[in-house]
Amino acid sequence: MTTIGDLVGARIATVLPDVIEPADAAALRARFATSPTSRYALVDRGAYDAVPVHDLAPFADLVPFARDATERDLVIAEARVLRLRPGDYLLAHHDRVYEGFPIELVVDLSVAPIAGAEIHYRRRGQVFFRVPNAPGSVAIVERGPTVTCNHTYVSKRHPPDVEVVRLILLLQATSATKSSTV
Amino acid sequence: MWRIPDERDERDDAWRTARPFPHVVIDDFVDPAALDELMTILDDEPVERYEADLYAFDATAPEPTTAAFRAMRAAFLAALAGPLARITGKVCTRVDLRAYAYRVGDYLLPHADHQDGLDRQLAYAYYLPSPEPPTGGELELYACRADAAGALVEIASAAIIAPRANRLVVFDVSTISLHQVCEVTAGLRLSLSGWFYP
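Residue positions are given per chain, counting from 1 as you read along its sequence in written order. Chains and ligands are labelled sequentially in the order written, the chains with letters from A and the ligands with numbers from 1. Given that the model is predicted, a residue must reach a pLDDT of at least 70 before its local features are reported, and side-chain atom pairs must reach 80 or more before they are shown or counted; all residues, however, enter totals for whole chains, interfaces and linings. Based on all heavy atoms of the structure, the side-chain values leave hydrogens and waters out of the count.

1. Observations regarding the overall build of chain B
To keep things clear, this is the line we draw: Per the convention used, a helix needs a DSSP run of H or I reaching at least four residues, while a strand needs a run of E reaching at least two, with both numbered from the N terminus. Put simply, the radius of gyration uses C-alpha atoms, and a globule should come to 2.2 Å times the residue count raised to 0.38. Note on definitions: a residue-residue contact is assigned when non-hydrogen atoms from the two residues lie within 4.5 Å. All accessibility values rest on the Shrake-Rupley procedure with a 1.4 Å probe; residue burial counts only the protein chains present in the view.
A count of helical and extended segments in chain B gives three helices and 14 strands. Expected size for 198 residues packed as a compact globule is a radius of gyration near 16 Å; at 16 Å, chain B falls within 12% of this value. The C-alpha extent of chain B, read off along each of the three principal axes, is 50 × 40 × 30 Å. Within chain B, contacts between residues separated by at least 24 positions form 79% of all contacts whose residues are at least 6 apart in sequence. As displayed, chain B offers around 8,800 Å² of accessible surface, 52% of which is attributable to carbon and sulfur atoms.

2. Overview of the overall build of chain A
We apply this condition: Only protein chains enter the accessibility calculation, which uses a 1.4 Å probe. A residue is then buried if its area is under 20% of the maximum for its type, exposed if over 50%, and partly exposed in between. Only four residue types enter the tally: Lys and Arg on the positive side, Asp and Glu on the negative side, with His and both chain ends excluded. Every charge is mapped to an atom, namely NZ of Lys, CZ of Arg, CG of Asp or CD of Glu.
Each helix and strand in chain A was counted, giving three helices and eleven strands. Counting from the amino terminus, chain A carries its helices and strands in the arrangement α-β-α-β-β-α-β-β-β-β-β-β-β-β. Its C-alpha atoms give chain A a radius of gyration of 16 Å, within 12% of the compact-globule value 16 Å for 182 residues. If one aligns the C-alpha atoms of chain A with their principal axes, the spans along those axes are about 45 × 35 × 25 Å. Counting over 182 residues, chain A shows a buried share of 49%. Entry remark: accessible area of chain A is about 8,600 Å², with carbon and sulfur atoms responsible for 55%. Where the 20 positive side-chain charges of chain A centre and where its 21 negative ones centre are 6 Å apart.

3. As for the confidence of the model for chain B
Note the threshold: Summary of the metric used: pLDDT quantifies the predictor's per-residue confidence within the range 0 to 100.
Confidence along chain B averages 94 in pLDDT terms, with 98% of residues attaining 70 or more. Here the prediction assigns the complex a pTM of 0.92, and the interface score ipTM is 0.92.

4. Structural notes on the packing of helix H2 (residues 32-43) of chain B against helix H3 (residues 67-88) of chain B
Relative orientation and spacing of two packed helices are given, respectively, by the angle between their axes and the distance between those axes. Residue and element names in this part refer to chain B. Stated formally: Orientation is described by lines fitted to C-alpha atoms, with helices fitted over the stretch in contact, and by angles between N-to-C directions that extend from 0 to 180 degrees. Convention used here: angles under 35 degrees read as roughly parallel, angles over 145 as roughly antiparallel, angles from 65 to 115 as roughly perpendicular, and any remaining angle as oblique. Crossing handedness is read from the near helix: turned anticlockwise from the far helix by less than a right angle, it gives a left-handed crossing, and turned clockwise, a right-handed one. Three classes are used: nonpolar for Ala, Val, Leu, Ile, Met, Phe, Trp, Tyr, Cys and Pro, charged for Asp, Glu, Lys and Arg, and polar for all others, with Gly counted as polar.
Their axes nearest at 8 Å, the elements H2 and H3 cross at an angle of 130°. Classed by the angle they form, the pair H2 and H3 counts as oblique. Along this stretch, H2 crosses H3, giving a crossing that reads as left-handed. The residues of H3 that touch H2, namely those facing Leu38, Ile41 and Leu42, are Ala68, Phe69 and Met72. A breakdown of the residues in the contact of H2 with H3 according to their chemical character gives six nonpolar, no polar and no charged.

5. What to know about the nonpolar core
We count it as follows: Each nonpolar core is a collection of buried residues, namely Ala, Val, Leu, Ile, Met, Phe, Trp, Tyr and Cys, held together in the definition by side-chain atoms within 4.5 Å.
Core analysis: the largest hydrophobic core is formed by 42 residues, its most contacted members being Tyr121 of chain A together with Ile155 of chain B. Excluding residues within four positions of it along the chain, Tyr121 of chain A makes contact with Glu104, Val106, Gln126, Val127, Phe128, Phe129, Val131, Val141, Arg143, Val147, Thr148 and Cys149 of chain A. One finds Ile26, Ile41, Leu80 and Leu97 of chain B within the second-largest nonpolar core, a separate group that totals 34 residues.

6. What to know about the interface of chain B and chain A
How we decide: Buried surface area refers to the total accessible area, computed with a probe of radius 1.4 Å, that the two partners give up upon joining, counted for both partners together. The salt bridge definition used is simple: a Lys or Arg side-chain nitrogen within 4 Å of an Asp or Glu carboxyl oxygen. What qualifies as a polar contact is a pair of N or O atoms within 3.5 Å, subject to a donor-acceptor requirement within protein and to the restriction that residues adjacent in sequence count only when both atoms come from side chains.
Between chain B and chain A, the contact holds 16 residues from the first and 15 residues from the second. Carbon and sulfur atoms make up 63% of the area that chain B and chain A hide from each other, which totals about 1,200 Å². For the chain B face of the interface with chain A, the top three residues by lost area are Asp53, Leu109 and Glu183 of chain B, together amounting to 42%. Linking chain B with chain A are one salt bridge. The shortest N-O distance in the salt bridge between Glu183 of chain B and Arg157 of chain A comes to 3.3 Å. On the surface where chain B and chain A come into contact, there are six residue pairs in polar contact (both at pLDDT 80 or more). Mapped onto the side of chain B that touches chain A, the elements with two or more residues apiece are strand S6 (107-111) and strand S10 (152-161) of chain B. Taken together, the residues of the side of chain B that touches chain A break down into eleven nonpolar, two polar and three charged.

7. A short note on the packing of aromatic side chains
Note the following rule: Each Phe, Tyr or Trp ring, with Trp reduced to its six-membered ring, pairs with another whose centre is within 6.5 Å; inter-plane angles below 30 degrees give stacked pairs, above 60 give edge-to-face pairs, and intermediate values give tilted ones. Note on criteria: charge over ring means Lys NZ or Arg CZ within 6 Å of the ring centre, with the direction from the centre no more than 35 degrees off the ring normal.
Scanning all chains against the criterion turns up 16 aromatic pairs over all chains. Plain terms: the ring middles of Tyr153 of chain A and Tyr107 of chain B are 4.3 Å apart, the flat faces sit at 35° to each other, and that makes the pair tilted. Of this pair, Tyr153 of chain A sits in the loop between strand S10 (147-151) and strand S11 (164-173) while Tyr107 of chain B sits in strand S6, each in a different chain. Between Phe76 of chain B and Tyr124 of chain B, the ring centres sit 4.9 Å apart and the planes meet at 45°, which makes this aromatic pair tilted. With Phe76 of chain B in helix H3 and Tyr124 of chain B in strand S7 (residues 122-127), this residue pair connects regions lying 48 residues apart in the sequence. With a relative accessible area of 2%, Tyr124 of chain B lands in the buried category. In this structure, Arg123 of chain A is placed above the aromatic ring of Phe128 of chain A, and the distance from its NZ or CZ to the ring centre is 4.7 Å. Its guanidinium or amino end placed over the ring of Tyr197 of chain B, Arg94 of chain B lies 3.9 Å from that ring's centre, counting from NZ or CZ.

8. Considering the pattern of salt bridges
Residues and elements named next belong to chain B. Applying the stated rule across the entire model yields 23 salt bridges over all chains. Arg164 is the salt-bridge partner of Asp27, the closest N and O atoms lying 3.5 Å from each other. With Asp27 in strand S1 (residues 23-27) and Arg164 in the loop between S10 and strand S11 (167-172), the pair connects residues that are 137 residues apart, well separated along the chain. Residue classification places Asp27 among the partly exposed positions, given a relative accessible area of 25%. Of the charged contacts in the structure, one is a salt bridge between Glu154 and Arg145, with a shortest N-O distance of 3.1 Å.

9. With respect to helix H1 (residues 10-17) of chain B
Residues and elements named next belong to chain B. As a reminder of what qualifies: Comment: arc refers to directions from the helix axis out to C-beta atoms.
Of the residues making up H1, those classed as buried are Arg11, Asp12 and Trp15. Projected down its long axis, H1 shows its buried positions confined to an angular sector of 110°, all on one face. Set apart from the buried face of H1 by more than 90 degrees, the exposed residues are Glu10 and Thr17. Looking at the packing, one finds that the buried side of H1 touches S1, H3, S7 and S11.

If you want it as structure tokens, here you go:
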């Protein structure tokens, strides 16, 4: 049965494993490690490092993955990197809500998987899709007015030097292919 | 069962001067001879798992399932209402009481407890004896500054209270009473917790 929620909520949510080679991930981590980083510390909303990414061109090779998953012509509109270490998190009410239906593409650049460090996509607060911490993977999720996500708390039982590194790209449909809602 | 002074003592001043926001810590809150009775009451109370982006823990239902637990809640309110009115200046006529179990990896991230319409005026946690006392699980209080719209714009850790067995912590509830339960990294943190209402 198809519900109205299915129609107006996120319709695309998938994880593609092993998209990024470890050497490419290492190169990107090295690039972002030297980029200006800000620590977000308003802990009622989140605790994490954020790196704004202004040069979007190097990530154009990732767009076809999203295009294949969505059957839309897409362009990268913005990008940022989040780094989470033990004790870090990003709560759902701190997440951005989108009026339209852009595609979020999350590239996992972590060195190694960290148990429990997931992204939970929520529709009206209820988790509908969990993205595991899987280095090299790319998650493709359609956002929307009722969709938020949280980056789960990273346990302090992990060694203090481990980190989750996520490159988050926001893709918008080109004007000719913007999807209608209902 | 509950040991809280009926007459004014240093804790009255401690409430007013506590930083970052009003709170009071009362150790040896339950008569040791009554602790077994208390734990026996809790033995039969079922717990469920609660997980969200903000928390992960086990807890009993909002409403106690046994008559003994409900009676303990009533006795707790009866014993605390008078002293809390004197210490905090707030008159309480109702209380929530649930048992919480934080296992290894459990936590409750920073939040303020205040919600419009809920009338929570005081929060409390009473730490129960644990078969394996926890590492972590501290109550961390934050100093906050809010902007004109009420959004917190500066937050800094300001106090850490260890979850010592038989310790009661009562703290003010407001839009800036930000606090968290730090992750339990070993052992088991058991508590009774809830809010007092007008």
